[in-house]
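# Secondary and tertiary structure notes
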Amino acid sequence: AKDELEWQKKQTEDEIAELENDIRGLKESIRDKINPTKLAQTRLENRTYRPNVELCRDAPQYGLTDEVKQLEATKKALEEKLKQAQHALDGLQKNLHRINDDLAEKNNSLMLDKRCMDVRQKLNPAGQTEVQRNLTLTGIERQRSHVLA
């Protein structure tokens, strides 16, 4: 069970690292969309509010409008993807925390089991008779050896 938890911990840590890289890439992609969006919006605004020109709805006007809408939609989709990735990262971090807690409990249980086995071995040494073991446990054997010395 301990080996399984350690394997799960490593897999979860790898997934977290991969997801963090994806989140960095998404944030960079969102930042990369800012300047083209500003440029397209500025072009559209300059074209819409030209002095001494009537309102003109021609192909370039529609093209600029579509470009602005497309850039905004792309940015919105990237932000939604970023939100989902951050939610997934939060879930993975909670899972990693649970795995670490379980692993700590397993390690503590194994340590207690080892201590119990050590104590049991001290209580039942090999090659001693029942009488010798009882004398050792009660301390009579030690008192006797001090008296003889």
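Scroll up a little and you will see the structure.
Report follows, based on the coordinates. (Residues numbered from 1 in each chain as written. Predicted model: local features only at pLDDT ≥ 70, side-chain atom pairs only at ≥ 80, totals over all residues. Heavy atoms only, no water.)

On to the overall build of the protein chain, then. Scanning the protein chain from terminus to terminus reveals four helices and zero strands. Each helix and strand of the protein chain, placed in order from N terminus to C terminus, yields the pattern α-α-α-α. Summarising the internal contacts of the protein chain: among those between residues at least 6 apart in sequence, 76% fall at separations of at least 24. Approximately 11,900 Å² of the protein chain is accessible, and the part contributed by carbon and sulfur atoms is 52%. (Helix = DSSP H or I, 4+ residues; strand = E, 2+ residues; numbered from the N terminus. Contact = heavy atoms within 4.5 Å. Areas by Shrake-Rupley, 256 points an atom, 1.4 Å probe, with all protein chains shown as cover.)

Following the criterion strictly, the structure yields four salt bridges and no others. For Asp58, the salt bridge identified is with Arg47, shortest N-O distance 2.5 Å. Of the two residues, Asp58 is situated in the loop between helix H1 (2–48) and helix H2 (59–123) and Arg47 in helix H1; the sequence distance between them amounts to 11 residues. You can call Asp58 partly exposed: its relative accessible area is 24%. Accessibility expressed as a relative area gives 18% for Arg47, which makes it buried. As a salt-bridge pair, Asp102 and Arg98 come within 3.1 Å of each other at their nearest N and O atoms. Taken together, the positions of Asp102 and Arg98, both in helix H2 and four residues apart, correspond to about one turn of that helix. Judged by its relative accessible area of 25%, Asp102 falls in the partly exposed class. (Salt bridge = Lys/Arg side-chain N within 4 Å of Asp/Glu carboxyl O. Buried < 20%, exposed > 50% of the residue type's maximum accessible area, 1.4 Å probe, protein only.)

So, on to a nonpolar patch on the surface. Together, Val119, Leu123 and Leu137 give the surface a local cluster of nonpolar side chains, amounting to about 250 Å² of exposed area. Here Leu123 is to be found in helix H2. For Leu123, a relative accessible area of 40% corresponds to the partly exposed category. (Patch = residues over 30% accessible without salt bridge, like charges linked within 9 Å, V, L, I, M, F, W, Y side chains within 5 Å.)

Our focus in this paragraph is the side chain of Arg47. Polar contacts involving the side chain of Arg47 include one to the side chain of Asp58, which spans 2.5 Å. Leaving out residues up to four positions away in the same chain, Arg47 has contacts with Cys56, Asp58, Pro60, Gln61 and Leu64. (Polar contact = N/O pair within 3.5 Å; in protein donor to acceptor, adjacent residues only side chain to side chain.)

Moving on to the nonpolar core. In terms of nonpolar packing, the biggest core is built from 11 residues, these being Ile16, Leu19, Ile23, Leu26, Ile30, Leu78, Leu82, Ala85, Leu89, Leu92 and Leu96. Breaking this core down by element, the ones donating at least two residues are H1 and H2. For this core, the leading source of residues is H2, giving six residues. Sequence-distant contacts of Leu82, defined by excluding residues within four places in its chain, comprise Ile23, Leu26, Lys27 and Ile30. Membership of the second largest hydrophobic core comes to five residues, among which are Ala40, Leu44, Leu64 and Leu71. (Core = buried A, V, L, I, M, F, W, Y, C linked by side-chain atoms within 4.5 Å.)

The next point concerns H2. When the terminal C-alpha atoms of H2 are compared, their 95 Å separation across 65 residues agrees well with the 96 Å that a helix rising 1.5 Å per residue should span. Within the sequence span of H2, burial applies to Gln61, Leu64, Val68, Leu71, Leu78, Leu82, Ala85, Leu89, Leu92, Leu96, Ile99 and Leu103. For H2, the elements touching its buried residues are H1. (Expected span 1.5 Å × (residues − 1).)

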